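# Observations on the model geometry
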Amino acid sequence: MAGPATSAEIEKRLSDLGITLPAPSGAAGNYVPYVISGNQLFISGQVPLSPEGLKFQGKVGDAFSMEEGQEAAKLCAINILAQAKAACGGDLSRLNRCVKLGGFVNSTPDFDQQPAVINGASDLMVAVLGEAGRHARTAVSAANLPFNVAVEIDAIFEIA
């Protein structure tokens, strides 16, 4: 297996995907956006926040389709990467691997495709980080999420 990608390789992959990482958002409560402990980086739950504000507010299976839920999850992953970049002093090559994503889907009681929704984030991690983007994962339903967003995802990375 190849080692972690260089920062330039990661930035090129993001550019090829048409993604510009936003400025990371601050905490919305009494917590911090990320914590580094040893060689692990813990990213607090990220929501589908765009430069224009919150997107995808409502339930998957009602207000949003599975595919729209995947787009919400992808936006959460973009915000995770923005937080990771800030935590690593702007050097994404410090991300040795994505260890785990925890995905929460604000979905109707009969919606059972939470793993497919969170694939929107998982697929982006692999597209950006290559093999180092493959991770363990949780994908669960939630009765509601903060600000009524459709998806929230947290992450754990191994860093250099």
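Refer to the structure printed above.
The structure contained in this document is the topic of the report that follows. (Residues numbered from 1 in each chain as written. Predicted model: local features only at pLDDT ≥ 70, side-chain atom pairs only at ≥ 80, totals over all residues. Heavy atoms only, no water.)

### A closer look at helix α3 (residues 114–129)
In this model, α3 (16 residues) spans 23 Å end to end at C-alpha, consistent with the 22 Å of a helix rising 1.5 Å per residue. Remark: the principal bend of α3, roughly 35°, maps to G120. Taken as a whole, α3 has its buried residues at Q114, A116, V117, I118, G120, A121, S122, L124, M125, V128 and L129. For α3, the secondary structure elements touched by its buried residues are α1 (7–16), α2 (66–87), β5 (95–106), β6 (136–142) and β7 (151–159). Just downstream of α3 lies G130, where phi reads positive at about 70°. (Helix = DSSP H or I, 4+ residues; strand = E, 2+ residues; numbered from the N terminus. Expected span 1.5 Å × (residues − 1). Bend = angle between axes of the 7 residues up to and from the residue. Buried < 20%, exposed > 50% of the residue type's maximum accessible area, 1.4 Å probe, protein only. Contact = heavy atoms within 4.5 Å.)

### A closer look at the pattern of salt bridges
If you walk through the whole model with that rule in mind, you get three salt bridges. Here E11 and K85 are joined by a salt bridge, their closest N and O atoms 3.0 Å apart. Placement of E11 in helix α1 and of K85 in helix α2 is noted, with a sequence separation of 74 residues between them. Residue E11 is classed as partly exposed on the basis of its relative accessible area, which comes to 30%. Its relative accessible area of 25% is what places K85 among the partly exposed residues. E131 serves as the salt-bridge partner of R134, at 3.2 Å between the closest nitrogen and oxygen. With a relative accessible area of 41%, E131 lands in the partly exposed category. (Salt bridge = Lys/Arg side-chain N within 4 Å of Asp/Glu carboxyl O.)

### Points about α2
For α2, with 22 residues, the first-to-last C-alpha span of 31 Å sits near the 32 Å given by 1.5 Å per residue. Two residues or fewer after α2 comes G89, characterised by a positive phi angle close to 65°.

### What about the packing of α2 against α3?
Packing of α2 against α3 brings their axes to within 7 Å, and their N-to-C directions diverge by 40°. For the element pair α2 / α3, the angle class is oblique. Regarding α2 and α3, the two cross each other, and that crossing is right-handed. The segment α2 lies against α3, with M66, G69, Q70, A73, K74, A77, I78, I80 and L81 engaging A116, V117, I118, G120, A121, L124, M125 and V128. The class makeup of the residues in the contact of α2 with α3 is 13 nonpolar, three polar and one charged. (Axes fitted to C-alpha atoms, helices over the stretch in contact; angles between N-to-C directions. Parallel < 35°, antiparallel > 145°, perpendicular 65-115°, else oblique. Left-handed = near helix turned anticlockwise from the far one by under 90°. Nonpolar A, V, L, I, M, F, W, Y, C, P; charged D, E, K, R; others polar.)

### Observations regarding the layout of surface pockets
Estimated volume of the largest pocket: approximately 250 Å³. In terms of lining, the largest pocket is formed by 17 residues, of which the most central are S25, A28, Y31, G45 and V47. Elements supplying a minimum of two residues to the lining of the largest pocket: β2 (40–46) and α2. Looking at the lining of the largest pocket, the element that brings in the most residues is β2, giving three residues. Across the lining of the largest pocket, the residue classes tally to nine nonpolar, seven polar and one charged. (1 Å grid on protein atoms, 1.4 Å probe; cavity = no way out; pocket = protein on both sides within 12 Å on 5 of 7 lines; lining within 4 Å. Points joined across faces, edges and corners; volume = space filled by probe spheres on them.)

### What to know about the sheet that holds β5
Strand order in the open sheet made by the five strands is β1-β2-β7-β5-β6, with mixed pairing throughout. A strand with exactly one partner marks an edge of an open sheet, and here the two such strands are β1 (34–37) and β6. Between one strand axis and the next, the sheet turns by 15° as a mean value, whatever way the strands run. For β1 and β2, the ladder comprises four bridges, and the chain directions are antiparallel. Directly across from V35, in β2, lies its bridge partner F42. Its contacts with the sheet place α2 against β1, β2, β5 and β7, and it is angled at close to 35° to β7. Together, β5, β6 and β7 form the strand contacts of α3, whose direction differs from that of β5 by roughly 160°. (Pairing = 2+ DSSP bridges.)

So yeah, pure geometry; function would need other evidence.
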